[in-house]
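# Structural description and commentary
Each chain is listed here by its residues.
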Amino acid sequence: MTGDDFDGLSTEHLRALYRKLVLLRRFEDRVYHLFLQGELAGTLHQYQGQEAVAVGVCDNLETTDWITSTHRPHGHALAKGVSSRAAMAELYGKQTGCCRAKGGSMHFGDPEVGMLPAIAIVGGGNTVVTGLGLAFKLRRSSQVAVCFFGDGATNEGAFHEGLNFAAVQQLPIVFVCENNLYGASTAYHQVSPVKDVAERAAAYRVPAQVVDGMDVLAVRRATAQAVAAAREGKGPTLLECKTYRFTGHSRSDARGYRSKAEEAEWLAKDPIPGLGKKLVAAGRCSEADLAALDEQVVAELDDAVEFSRQSPDPTPAQAYEDVLI
Ligand SMILES: Cc1ncc(C[n+]2csc(CCOP(=O)(O)OP(=O)(O)O)c2C)c(N)n1
Ligand SMILES: [Mg+2]
């Protein structure tokens, strides 16, 4: 394997990508156990398996670029720069959370890092993102807006309206579809006449690409092109990242609609060992280096949990802060 397989990225950069993937995975695993222990309440939609998409996309973005997200936003938030402390504290419902406890799991976000609080209405971000894109265009800024959405959103009217408006106005937007084969228990292929979501972009003359969403370098590469086009005023792109969620749709999902064979096939494409093995084979990292990065992440999450436990609850008066009344 030559250095070219890594798109000219430095070893430091590659390790940072690996560490980020592990952070997203371990954050979700930790949160799952905290919910089971009854330390956190409510429900949650987890991101294990899809990490390469958020990490590969956001690696191309500046803090001043913006993303929209969905009911499954933890990975997007961490990848865009929400700290593990602020993310964890939001789940604990504490003052120090990224939304000061007003968002919870499904509304993660932080304007300071360029993440609009997530919208849990399926397809909700697909039109809202055009407002961001239009603002950037009118201000003649070089900012880019990225809309993350699932395959389930592609049969909502908002998906089509958003693409159409972005195309007509040539807005600086990257639409990132995370096609994980299911919208809750509904298989994508049962409700869509086209094999690839990417095919639909042709109706709006939006360039589109099918991307291996289990390969962080492939996602990063495809997004780099799309972001460059957006910054140069060439309008929107749609990226369809083929991926898989390793968990159920939400906490109460026993996954009876998926076969064990299908799950095994996708688990074998796990993006974390996928990148780790390539780095070791190319001599960019040793197994011990990867283990050390993993340990760093565990320590970061221990700290995030302790920080959240110690943080103050919101006061009743704070219910009136940061809201329009
Ligand atoms: C408009 C709307 N309809 C239904 C729901 C209930 N719902 C929440 S998530 C979900 C499935 C979404 O699937 P997809 O867009 O593929 O995202 P994924 O869960 O796979 O990440 C549904 C139907 C909703 N939140 N909003
Ligand atoms: Mg889906």
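Residues numbered from 1 in each chain as written. Chains lettered and ligands numbered in written order. Predicted model: local features only at pLDDT ≥ 70, side-chain atom pairs only at ≥ 80, totals over all residues. Heavy atoms only, no water.

### Some remarks on the pattern of salt bridges
Scanning the entire structure with this criterion turns up 20 salt bridges. When the shortest N-O distance is used, the salt bridge between Asp 322 and Arg 100 registers 3.2 Å. Of the two residues, Asp 322 is situated in the segment after helix H11 (287–310) and Arg 100 in the loop between helix H4 (84–91) and helix H5 (124–138); the sequence distance between them amounts to 222 residues. Here the salt bridges do not stand alone but share partners, grouping Lys 195, Asp 196, Glu 240 and Lys 242 into one network. (Salt bridge = Lys/Arg side-chain N within 4 Å of Asp/Glu carboxyl O. Helix = DSSP H or I, 4+ residues; strand = E, 2+ residues; numbered from the N terminus.)

### Quick notes on the packing of H4 against H11
The interhelical angle for the contact between H4 and H11, taken along N-to-C directions, is 45°, at an axis separation of 8 Å. By the criterion of interaxial angle, the relationship of H4 to H11 is oblique. Where H4 crosses over H11, the handedness of that crossing is right-handed. Of the residues in H11, those touching H4 at Ser 84, Arg 85, Met 88 and Ala 89 are Glu 300, Leu 301, Asp 303, Ala 304, Val 305, Phe 307 and Ser 308. Residue composition of the contact of H4 with H11, by class: 6 nonpolar, 2 polar and 3 charged. (Axes fitted to C-alpha atoms, helices over the stretch in contact; angles between N-to-C directions. Parallel < 35°, antiparallel > 145°, perpendicular 65-115°, else oblique. Left-handed = near helix turned anticlockwise from the far one by under 90°. Contact = heavy atoms within 4.5 Å. Nonpolar A, V, L, I, M, F, W, Y, C, P; charged D, E, K, R; others polar.)

### A word on the coordination of the magnesium ion (ligand 2)
The protein atoms donating to the magnesium ion (ligand 2) are Asp 151 (OD), Asn 180 (OD1) and Tyr 182 (O), with metal-donor distances spanning 2.1 to 2.2 Å. Linear spacing of the donor residues for the magnesium ion (ligand 2) on their chain is D-x28-N-x1-Y. One end of the pair, Asp 151, is in the loop between strand E2 (145–150) and helix H6 (157–169); the other, Tyr 182, is in strand E4 (residues 182–183), and 31 residues separate them in sequence. Assessed through its relative accessible area of 3%, Asp 151 is described here as buried. (Donors = N, O, S within 2.8 Å, 3.2 Å for Na, K, Ca; no water. Buried < 20%, exposed > 50% of the residue type's maximum accessible area, 1.4 Å probe, protein only.)

### Some details on the side chain of Asp 270
In this structure, Asp 270 sits in the loop between helix H9 (260–267) and helix H10 (271–281). With residues near it in sequence (within four places) discarded, Asp 270 still touches Arg 25 and Phe 246.

### Considerations on a nonpolar patch on the surface
A contiguous nonpolar patch, built from Tyr 320, Val 323 and Ile 325 and spanning about 380 Å² of accessible area, is present on the exposed surface. Along the polypeptide, Ile 325 turns up in the segment after H11. (Patch = residues over 30% accessible without salt bridge, like charges linked within 9 Å, V, L, I, M, F, W, Y side chains within 5 Å. Areas by Shrake-Rupley, 256 points an atom, 1.4 Å probe, with all protein chains shown as cover.)

### Concerning the site of ligand 1
Surrounding ligand 1, one finds 15 residues, the nearest of these being His 71, Arg 72, Gly 152, Asn 180 and Tyr 182. Residue Asn 180 places a side-chain N or O atom 2.8 Å away from an oxygen atom belonging to ligand 1. A distance of 2.9 Å separates an oxygen atom of ligand 1 from a polar atom in the backbone of Tyr 182. Across the complex, the protein chains shield 69% of the 590 Å² of accessible surface that ligand 1 would expose by itself. Residues belonging to the shell around ligand 1 are distributed by class as follows: 6 nonpolar, 6 polar and 3 charged. (Near = heavy atom within 4 Å. Polar contact = N/O pair within 3.5 Å; in protein donor to acceptor, adjacent residues only side chain to side chain.)

### Overview of unusual backbone geometry
Apart from glycine, the bulk of residues carry a negative phi angle, and the bulk of peptide bonds sit in the trans form. In this model, Gln 170 sits at a positive phi of 50°, which is unusual for a non-glycine residue. Positive phi, normally seen in glycine, also occurs at Ala 184, with a value near 55°. Among the structural elements, Ala 184 can be located in the loop between E4 and strand E5 (186–187). Look at Ala 184 and you get partly exposed, because its relative accessible area is 31%.

Everything listed is a geometric property; what it means functionally is a separate question.
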